[in-house]
Amino acid sequence: MKRTLSLALAIGMLFALVVPVFSASVPKVGIVFDIGGRGDQSFNDAAYEGLMMLKKELGAQTTYIESKTPSDYEPNLASLAREGYDVVWGIGFLMADAMKKVAQQYPNVKFGIIDSGYSDEEYKSMKNVLGVLFKEHEGSFLQGVLTALTTKVNKVGFVGGMDFPVIERFEAGFKAGVWTINPKIEIFVNYTGAFDDPAKGKAVASSMFRRGADVVFHASGACGIGVIEAADEVGKWAIGVDSDQNHLSPKHVLNSMIKRVDLGVFNGTKMLIEPKFVGHTVTLGIAEDGVGLAPEASNNASKEATAKALEWADKIRKGQYVVPEFRADADKLQSK
Amino acid sequence: MSRPRNGGLWQELRVPAAAVIIGLIIGAVFMAMTGANPLTAYGALLSGCFGKPVNISETLVYINPLIFTGLSIAVAYRAGLFNIGAEGQMIVGMVAAAVVGYAGTGLPRAIHLPLTILSGALAGAIWAAVPGYLKARLGVHEVVNSIMMNYIALYLSHYLVNGPIKDPQVIAPYSREIADSAKLFRFFGGFRSEFRVNTGILIAVAAALLVYYVLYKTTTGYEIRAVGANADAARYAGINVPKAMAVSMLLAGSMAGLAGAVQVCGIQYKFLDLFAFEGFGLDGIAVALVGKINPFGVVGAASLFGILSRGAQMMQGIAHVPKQVAGIVQAAIVFMIAAEGLVEGWLSIPGLSLKKAGKAQKEDA
């Protein structure tokens, strides 16, 4: 009895000694979301998935804050750094400036930013920052291929959130994909002017469907929930973005342009907590499995279309084809 | 709305104080329902707002624009106008300050800083003048127009910051950084200081004094209040109603424009593309109403709202309270303050006032 007790005590003390050591090696990871935040079933929720992967696989302690205005970025990033988080993520390129300031104020904290990078010159004074960029145009190209081989009326649509470089890459890649297969297809392009308004997405997509389009691809955050709803109502196709959005309408989401923001956050964190980490940018395209088609279970495209898309994916992976990332280059592929 | 009271400060504050407490209790119930611990959450709110010097600085940064937008709504409301357009007026104020702050590089500080701040105020005033003019001359309802002006401001700013005024050096849609000569002083440690609180807070307090002076110590202010109380009676008494409305709307617009200018000159140093409305203008409505449309009340209410909205994000980051629940806490407090009569009624229930016996006696006396 006595022996068991002392054994238990000894084990207990051992734990008391060891556990703090362990918990010190468990990273504390926090995310600062841009305006909009969680619940978009898309970009931000994918980042949150990455956080949950860290929790599950590394036992990381996690938290997040959703920003309300651009002036929130700085205090939110800084307060997580102050609260003792080892790695702090900014989800969205608008945070680039705030992150630069905060990263310099907290050189001992590691920072990661999605959809933005810095110049080599800048990284010299911010060795604690990882920029993660994606080749959205490559993934969108594959959706363009699927779209061109799915449309029966040769009219399709693209719904963007707001028009800036990240979203332009979606548009350019999609157009290039469609017109590479059939340069005669008409593509309606429209922007909702928001990322957080499903009603606007629905209005824009509905008007495209009324004009005859039968496939609409969106890159518009939570507006896309409305785009998919519109497709569901008229019985036509929508293509999801960032996350697998098939569950929003299993019979009317053709496919989803998967952007592995979750992997960006997950692998990025693993890179950041390496002691030897030095600030730089990683760019994730098809070759890095950073972008791609939705899993087969969520694919509603025909076998032929899917095979064609995979064929192109292979070409892009091997560097035999370079997808244009600017609208102007993609537009040259159209024949009128 | 506000009745004259002569029971001293406590009489003035007891209803808002009770409303805040009831609001916090309602919020606690919702937190408990979502599985968060209300005590940890409110602890996070307090420590997040006041726990460290830098947190206090950030809380003041949040209060600052709300004072301006609250004043903006209050001054228009005194003339019987509902300025929903403070949001848009603030946006054009930000854009104007960002443009002038950069374009005036090389000017001496004594000219450049006031010029930049005033350009923001002017832009806000111009933005408010449109619905103000339509209301005063043509009787078009200012609510509809000022809401529409918000959207015009949002998308105009979006166009400008992605094109003409975009900083070509960076990929993100930012305007160029303003010159140091147009930046407001941060109290501690220079323009890149972590302590972002700056002389803008003094401008806000000065603005509250100015609005008070104009409204209560000048003839124009009297006319504005008369129009707000009863426009027909005011017209019958010989007051130029359109003029009073125009003046109050211009003043309202310049207050919201100042909010934007101070945000750019004190905090951001540039204009950042907005994905959506920031909400300072809309929160300003609640600030003005909670502050009883009184300039000093607005300062108090802005402080409460600043603490709540900064605290909401800290509750989320530290205590993992969903932002929706933080929103409910905020809404519950506003609701309780707005339902003043209800709270007052509760406070006069004998059983309840027993707990506040000391105060109840004061009431009797």
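Residues numbered from 1 in each chain as written. Chains lettered and ligands numbered in written order. Predicted model: local features only at pLDDT ≥ 70, side-chain atom pairs only at ≥ 80, totals over all residues. Heavy atoms only, no water.

(A) Summary view of the overall build of chain B. A tally of regular secondary structure across chain B gives 16 helices and 0 strands. Principal-axis analysis of the C-alpha atoms gives chain B an extent of 65 × 60 × 35 Å. Per-residue burial for chain B yields a buried fraction of 53% across its 365 residues. One way to put it: in chain B the 26 positive side-chain charges average out to a point 2 Å from where the 17 negative ones average out. (Helix = DSSP H or I, 4+ residues; strand = E, 2+ residues; numbered from the N terminus. Buried < 20%, exposed > 50% of the residue type's maximum accessible area, 1.4 Å probe, protein only. Lys, Arg positive; Asp, Glu negative; His and termini not counted. Charge placed at Lys NZ, Arg CZ, Asp CG, Glu CD.)

(B) Focus on the sheet that holds strand β6 (residues 155–160) of chain A. Residues and elements named next belong to chain A. The 6 strands lie next to each other as β7-β6-β8-β9-β10-β12, forming an open sheet whose pairing is mixed. Sheet topology places β7 (186–191) and β12 (291–292) at the edges, where each strand pairs with a single neighbour. For β6 and β7, the ladder comprises 6 bridges, and the chain directions are parallel. Bridge pairing links glycine 160 to tyrosine 191 in β7. Running over the sheet, helix α6 (residues 136–150) touches β6, β8 (215–219), β9 (237–242), β10 (253–259) and β12 and is turned about 170° from β10. (Pairing = 2+ DSSP bridges. Contact = heavy atoms within 4.5 Å. Axes fitted to C-alpha atoms, helices over the stretch in contact; angles between N-to-C directions.)

(C) Layout of the side chain of threonine 147 of chain A. When you line up the elements, threonine 147 of chain A lands in helix α6. If near-sequence neighbours (up to four positions away) are discounted, threonine 147 of chain A is found in contact with Val156, Phe174, Val178, Val215 and Ile239 of chain A.

(D) How the structure looks around unusual backbone geometry. Residue and element names in this part refer to chain B. One non-glycine residue, tyrosine 269, lies in the positive phi region at around 65°. On the secondary structure map, tyrosine 269 appears in the loop between α10 (241–268) and α11 (280–290). Of note in the backbone geometry, lysine 292 takes a positive phi value of approximately 55° without being a glycine. With respect to the helices and strands, the residue lysine 292 is situated in the loop between α11 and α12 (295–319).

(E) Region of interest: the pairing of strand β4 (residues 110–114) of chain A. Residue and element names in this part refer to chain A. Within β4, 5 of the 5 residues are buried, which leaves the element mostly enclosed by the surrounding structure. Neither face of β4 is left uncovered, since the one carrying Lys110, Gly112 and Ile114 and the one carrying Phe111 and Ile113 both have all their residues buried. As judged from the 5 bridges shared by strand β3 (residues 87–91) and β4, these two strands associate in the parallel manner. If you follow isoleucine 91 over to β4, its bridge partner there is isoleucine 114. Once the chain exits β3 it traverses helix α4 (residues 96–105) before rejoining the sheet at β4, and the crossover so formed is right-handed. Here 4 bridges tie β4 to strand β5 (residues 129–134), and the two strands are oriented parallel to one another. The residue of β5 that forms the bridge with isoleucine 114 is valine 132. (Right-handed = clockwise from strand over helix to strand, strands pointing away.)

(F) Region of interest: a nonpolar patch on the surface. Together, Ile21, Ile25, Val29, Phe30 and Met33 of chain B give the surface a local cluster of nonpolar side chains, amounting to about 480 Å² of exposed area. By secondary structure assignment, the location of isoleucine 25 of chain B is in helix α1 (residues 8–33). (Patch = residues over 30% accessible without salt bridge, like charges linked within 9 Å, V, L, I, M, F, W, Y side chains within 5 Å. Areas by Shrake-Rupley, 256 points an atom, 1.4 Å probe, with all protein chains shown as cover. Salt bridge = Lys/Arg side-chain N within 4 Å of Asp/Glu carboxyl O.)

(G) Region of interest: the sheet that holds strand β2 (residues 61–66) of chain A. Residue and element names in this part refer to chain A. With parallel pairing, the 6 strands of this open sheet are ordered in space as β2-β1-β3-β4-β5-β11. At either end of the open sheet lies a strand with only one pairing partner, and these are β2 and β11 (280–284). The mean angle between the axes of side-by-side strands here comes to 20°, regardless of whether they run parallel or antiparallel. Sheet topology note: the strand β1 (residues 28–33)/β3 ladder contains 5 bridges and is parallel. Across the sheet, the residue bridging to valine 32 is glycine 90, located in β3.

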